[in-house]
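Summary of structural features
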Amino acid sequence: MDAITDPARTTEKTGNPVAVLQARGLSKVYHMGEVDVHALREVDLDLFEGELAVLLGASGSGKSTLLNIIGGLDTPTSGTVTFRDHILTEADDVALTEYRRDHVGFVFQFYNLIPSLTALENVQLITEIAVDPMDPAEALKLVGLGDRLHHFPAQLSGGEQQRVAIARAVAKQPDVLLCDEPTGALDYKTGKIVLEVIERVNRELNTTTAVITHNEAISRMADRVIRIGSGRIVSIEANEEKASPGELSW
Amino acid sequence: MVKQRLKLLSPLNKKLVRDINHLRGQVFATALVVACGVASFVAMQATYDSLLLSRDTYYSLYRFADVFSSVKRAPDSIREDIRKIPGVSEVQTRVVSNVTIDLPDLPEPAQGRLVSVDRSSGSILNGLYVQRGRELTEGARDEVLISGAFAEANGLNPGDSLNVVINGRWRRLTIAGIALSPEYIYEIRPGSIFPDNRRFGILWMSRRSAAAAFDMENAFNDVSLTLAPGANEADVIEKLDDVLETYGGTGAIGRTDQYSHRFVSNELSELEVFGTFIPAIFLGVVAFLLHLILSRLVGIEREQIGLLKAFGYSNRTIGLHYLKLAVLAIVGGVIIGIALGAWLGSGMTALYADFFRFPILEFTVPFSVIVWAFAISFAAAAVGAVSSVRRAVTTRPAEAMRPEPPADFQAGFLERSGLNKMFSAEVRMIARNLARHPLKALLSIVGISLSVALLFIGFYFYDAINRLIEIQFNRVQLEDVEVTFNEPMPSETRYELLNLPGVNRVETYRAVPVKLRFGSHSRRAGLVGMEQGGRLRNIVDKNLRDVRIPNEGIVLSTTLAESLGAAEGDEVTVEVTEGSRPVAKVSVADTVEEAIGLGVYMDSDALHRLLKESDVVSGAYLEVDDKYAEELYETLKNTPAVAGVGRPQAALDSFNETVGQTIGTSTAFLIGFACVIAFGVVYNGARIALSERGRELASLRVLGFTRREIGVILLGEQAILTGWAAPVGWAIGFVLCFAITRAIDAEIIRLPLVISTATFVYSFLIVAFAALLSGLLVAWRLRNLDLIEVLKTRE
């Protein structure tokens, strides 16, 4: 496991953090009938290589909109997003699809597994189209499901399904792992197991990870906590002392 | 407007209207199938009703006879004997004979059937309807009425004159009018199956003139009669045959064997069969489509159903709600179908009017047909809705308001056999989705396969007709010209024929009408004595095998052998019904499955021995040098002994002109119908798949799958179903073709059951193309998949 000893964090600690994703002046306005809803207002944000960032905000704060835009699912009304040297905000649908396919891993609140495929096959579905994937079974072992490879989603618990979803997201060895309320549909105990898996992936694979949540407690496991409210970034704090997911409670 | 109207509706009915609006794509696709089903039903049933009504009215107003017989020559005095036969109501005696007609712009002579008209005798059976011109003037010697189709094909009008060879003498006749008779609704040369109106027509002449021309004063050679109510046709025929026997009666027939009547009836029964099974196919598909749509809808609206019940709506109200939806979804299709059917039916009737000549053939859509159209469509809708309605009714509110558990998939055959490793995850998704609802998959396959089957049948007709043409014109009738004589001619006639301009080869034949008996069965037929070693006319079975005429014994067509119950080696009784009427027992040397007619063949020398006659001939087949053809026809026109001249090429041309076009039109409709079914099934199947798996597909898009890749996953299922529909459709089509060949009157025509590769290929390709188009239409909607929504919501 020596290979996975955080070169990125080292760079961060040396004061030269490398930004994988950069957002500048992001605004998003939804036209809802006669009302304009400002979901994001002039947001600047960097995600640094290897970090685990938690985007914390109440419902309607704009955090999901932000995640959708940096994940290549949505386009801002104004502002730019840059992934390494690619300007995502200038990309068309084909280029965005390619970006998601090659560089982003998604974990959804409701897992979104394919019910007609087993755990292993759900992961294989993604590794088949990935450039440099890991072994699907390895990915499932990483999330602690090495003994449930051939179960269908309907035969797995909610927490297990979410871990399959994480395995699916990380198996392609993405540059960025985006998790939207990953514990939102899970109970306390299961939620903590899922967070442990995310933390482990971040630590062992050095995958830049952004976790969206409204759960204040989760922010303690982050390298940085980005608070969002009313479409603006309210504060960004680095955690001096990161808690392990096991230590969290809510 | 719509808003105002909606206010008048109860909330549940508003939901109904909006649900239908929401489902409009699928409702439209289903309504199209309904419209086709109803249109085919209305068109064929109404045409059937119109034809039947026209025929029966025609028969009764113009007093179509019940029994017909021809006779060599009988004195008028026995007319009374015939009338006295118990069960006979009215008797008509006539002079009927074949004549040769010289038409200016037709190289070869045309054949006419001259029928006498006796207006003085009081009772007129087989009455004439004068379409144009006037009736025959009493006493006018050289006037005729001519039949409608013949007049039309040759552009003949009242007042025109016509050169005709009557009993060996040239006569110039004036056309007084154009007439129709119930006896010749289908105006066709006896022995043919397709009309050739340029070369065959009916001529009606006054009895006195006809009698004078044929030396039939105070005599007749044709009798027809009507039966008294309750009379037994078979008894009357038997007694009539007894009366006529000494005068050379050739044996009486009932209406069912009357040539024109037989064709019209056969067509009517075909129409009835097609008018039942084609709408049934469509409405079966409709039931299936509504089943798909409603099951999905009730699935989506599970929570709403629970809510409604929780608030006190009764099971009945909710069940009725979905039933109403099914009925409302198709009602537009029914109305369009009725209109379309009326249009199609009037077109079909107009097409029939070209073949069948009625004084009045008016197409009407009876009210009862409209009522039936609604009734069967609603019944199909109800069948389609029943399981969904039941599910809506039996849903328990508390259970329904909880979200449905995730789709349950389990390891199946593919996994246990280890075969799954061979396939990609996409293929496994498709396979498992199909395997999860095997009945639905099966019904989809059957639905699509029905459109393959419809096309298969349509193209089969081409194959069958092509084979018939190949058999008839490339293998059987190899002569350029067939000449028939009025009377048997001495065998030296062959040399006279050989000396005619352009004639290279002559083969003669002898033909006599016979009655064959075997056991308790008897059949009438024409026995043909063929020359040994002839090559202009062949006997060929359905596999194009040449059948050699044995020196002794007869060769029977299979249909005739079957109706007699006789087989190879059996001895049948042959009663010749003309001349000295010899009777002999002859063994069946061979049977041959012929495509057309009821042939009986034997060696010409053997036939002469049977007839105890010298070497005489009834006609000849000629091989003719094209260069001299016109000259030859001119000579034949002027040869009194020649009763008819047949030209296979002319018959083929005429066939292609008339029947070929009709088949082309009906094939075009079948293609349209098949595309509608394929479109309906595939479009609905894909739309439901999209609705069921939209979330899954959106997730895949989020994970980086391209639109094309998820399109393949969405449509792969429909593609597999369509692929499976090919063999199933071919099998269904083949069985239906077989049934059709059986349903067609075998004594008229036996369609060979041959299917070309093209039929297999095109019946599938057209359906696959329609399926692809409907699939792409659905795939287009993938553009609108909401990728963000899928992250937020749970289904």
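The structure displayed is predicted, hence computed values, not measured ones.

Cut-offs applied
- Residues numbered from 1 in each chain as written.
- Chains lettered and ligands numbered in written order.
- Predicted model: local features only at pLDDT ≥ 70, side-chain atom pairs only at ≥ 80, totals over all residues.
- Helix = DSSP H or I, 4+ residues; strand = E, 2+ residues; numbered from the N terminus.
- Contact = placed C-beta atoms within 7 Å.
- Rg over C-alpha atoms; globule rule 2.2 N^0.38 Å.
- Buried ≥ 20, exposed ≤ 12 C-beta atoms within 10 Å, placed from the backbone.
- Expected span 1.5 Å × (residues − 1).
- Nonpolar A, V, L, I, M, F, W, Y, C, P; charged D, E, K, R; others polar.
- Domains from an automatic or database assignment.
- Axes fitted to C-alpha atoms, helices over the stretch in contact; angles between N-to-C directions.
- Parallel < 35°, antiparallel > 145°, perpendicular 65-115°, else oblique.
- Left-handed = near helix turned anticlockwise from the far one by under 90°.
- Pairing = 2+ DSSP bridges.
- Right-handed = clockwise from strand over helix to strand, strands pointing away.
- Core = buried A, V, L, I, M, F, W, Y, C linked by C-beta atoms within 7 Å.
- pLDDT = per-residue confidence, 0-100.

Structural notes on the overall build of chain B
Regarding its fold elements, chain B presents 23 helices and 20 strands. Projected onto its principal axes, the C-alpha positions of chain B cover 100 × 60 × 50 Å. In chain B, the proportion of contacts linking residues at least 24 apart, taken out of those at least 6 apart, comes to 85%.

Section: the overall build of chain A
On a plain count of helices and strands, chain A comes out with 7 helices and 10 strands. Whereas a compact globule of 250 residues would reach a radius of gyration of roughly 18 Å, chain A reaches 18 Å, a difference of no more than 12%. Structurally, chain A occupies a C-alpha span of about 50 × 40 × 35 Å along its principal axes. Within chain A, the proportion of its 250 residues that are buried is 48%.

Topic: helix H3 (residues 24-61) of chain B
All names here are of chain B. For H3, which comprises 38 residues, the first-to-last C-alpha distance of 52 Å matches the rise-based estimate of 56 Å (1.5 Å per residue) to within 8%. Taken across its 38 residues, H3 has 27 buried, putting it largely inside the fold. Within two residues after H3, Arg 63 carries a phi angle of roughly 55°, on the positive side.

What about the interface of chain B and chain A?
Across the boundary between the two partners, chain B contributes 23 residues, which contact 25 residues of chain A. When residues of the side of chain B that touches chain A are traced back to their parent elements, those giving at least two are helix H14 (425-436), helix H20 (648-702) and helix H23 (789-792) of chain B. It is H14 of chain B that contributes the most residues to the side of chain B that touches chain A, 5 residues altogether. When the residues that make up the side of chain B that touches chain A are grouped by side-chain class, the tally is 12 nonpolar, 6 polar and 5 charged.

Notes on the domain arrangement of chain B
One can read the domain layout of chain B as domain 1 (1-58 + 259-403) and domain 2 (481-646). Computed over C-alpha atoms, the centres of domain 1 of chain B and domain 2 of chain B are 55 Å apart.

Structural notes on the packing of helix H21 (residues 707-743) of chain B against helix H22 (residues 757-779) of chain B
Residues and elements named next belong to chain B. It is at 10 Å that the axes of H21 and H22 come closest, and there the two elements cross at 155°. Our classification of the angle between H21 and H22 gives roughly antiparallel. Both H21 and H22 take part in a crossing whose hand is right-handed. The residues of H22 that touch H21, namely those facing Gly 711, Leu 714, Leu 715, Gln 718, Thr 722, Ala 725, Ala 726, Gly 729, Trp 730 and Gly 733, are Phe 760, Ser 763, Phe 764, Val 767, Ala 768, Ala 771, Gly 775 and Ala 779.

Focus: the pairing of strand E8 (residues 208-213) of chain A
Residues and elements named next belong to chain A. Most of E8 is tucked away, with 6 of its 6 residues classed as buried. Of the two faces of E8, the one holding Thr 208, Ala 210 and Ile 212 and the one holding Thr 209, Val 211 and Thr 213 are both buried throughout. Pairing between strand E3 (residues 52-57) and E8: 5 bridges, direction parallel. When the sheet's bridge partners are listed, Leu 55 is paired in E8 with Ile 212. Sheet topology places strand E7 (residues 176-180) next to E8; 5 bridges connect them, and they run parallel. Residue pairing across strands places Val 176 opposite Thr 208, the latter belonging to E8. At this point the chain moves from E7, through helix H7 (residues 188-205), to the parallel E8, and the crossover so formed is right-handed.

Here's the deal with the sheet that holds strand E1 (residues 19-32) of chain A
Residues and elements named next belong to chain A. Read from one edge to the other, the open sheet built from 4 strands follows the order E2-E1-E4-E5, with strand pairing classed as antiparallel. The open sheet terminates on both sides in strands that have one partner only, identified here as strand E2 (35-48) and strand E5 (86-87). Here E1 runs beside E2; their pairing, made up of 10 bridges, is antiparallel. Residue His 31 lies in a different strand from E2, and its bridge partner there is Asp 36. Relative to the sheet, helix H2 (residues 63-70) contacts E1, E2 and strand E4 (78-83), its axis offset from that of E1 by approximately 120°.

A short note on the nonpolar core
By size, the foremost hydrophobic cluster in this structure holds 246 residues, and its most contacted members are Ala 167 of chain A together with Val 286, Ala 674, Ala 678 and Val 767 of chain B. For this core, the element with the most residues is H20 of chain B, which contributes 19 residues. In contact with Val 286 of chain B, not counting residues within four places along its chain, are Thr 30, Val 33, Val 34, Gly 37, Ile 330, Ala 380 and Gly 384 of chain B. Within the second largest apolar cluster, 44 residues are counted, among which are Ala 566, Leu 607, Leu 611 and Val 642 of chain B.

Some points on H22 of chain B
All names here are of chain B. With 23 residues, H22 should reach 33 Å at 1.5 Å per residue; the first-to-last C-alpha distance of 32 Å fits that figure. Within H22, the full set of buried residues consists of Thr 759, Ser 763, Phe 764, Ile 766, Val 767, Ala 770, Ala 771, Ser 774, Gly 775 and Val 778. The inward-facing, buried residues of H22 contact helix H15 (438-476), H20 and H21.

A word on the sheet that holds strand E10 (residues 232-238) of chain A
All names here are of chain A. Spatial strand order, E6-E7-E8-E3-E9-E10: 6 strands in an open sheet with mixed pairing. Strand pairing shows two members of the sheet lacking a second neighbour, strand E6 (104-107) and E10, which therefore form its edges. With strand direction ignored, the average angle separating the axes of adjacent strands in the sheet is 20°. Bridge count for E6 against E7 is 4 bridges, and the pairing is parallel.

Focus: the packing of H20 of chain B against H21 of chain B
Residues and elements named next belong to chain B. Two numbers describe how H20 lies on H21: the axes approach to 8 Å, and their chain directions differ by 150°. With respect to H21, the axis of H20 lies roughly antiparallel. Seen from above, H20 lies across H21 with right-handed handedness. Across the interface between the two elements, Val 682, Gly 685, Ala 686, Ala 689, Leu 690, Leu 697, Leu 700 and Arg 701 from H20 touch Ile 710, Ile 713, Leu 714, Leu 715, Glu 717, Gln 718, Leu 721 and Thr 722 from H21. Counted by class, the contact of H20 with H21 contains 11 nonpolar, 3 polar and 2 charged residues.

Let's talk about the confidence of the model for chain A
Mean pLDDT over chain A: 87, with 94% of residues reaching 70 or higher. Contacts of residues 1-14 of chain A to residues separated by more than four positions or lying in other chains number 17 contacts, the stretch itself having pLDDT below 50.

Here we look at unusual backbone geometry
Residue and element names in this part refer to chain A. The residue Arg 84 is not glycine, and still its phi comes out positive at about 45°. Note on placement: Arg 84 falls in the loop between E4 and E5. Even without glycine at this site, Tyr 111 takes up a positive phi of about 60°. Relative to the assigned elements, Tyr 111 resides in the loop between E6 and helix H4 (119-127). Of the residues examined, Tyr 111 has 25 C-beta atoms within 10 Å and is grouped as buried.

Concerning the environment of Thr 30 of chain B
Residues and elements named next belong to chain B. Relative to the assigned elements, Thr 30 resides in helix H3. Overall, Thr 30 belongs to the buried group, with 29 C-beta atoms counted inside 10 Å. Considering only alpha carbons, one finds Thr 30 and Phe 679, 649 residues apart in sequence, at a separation of 9.2 Å. Setting aside residues no more than four positions away along its own chain, Thr 30 makes contact with Val 286, Leu 289, Leu 290, Ile 293, Ala 329, Ile 330, Gly 680 and Asn 684.

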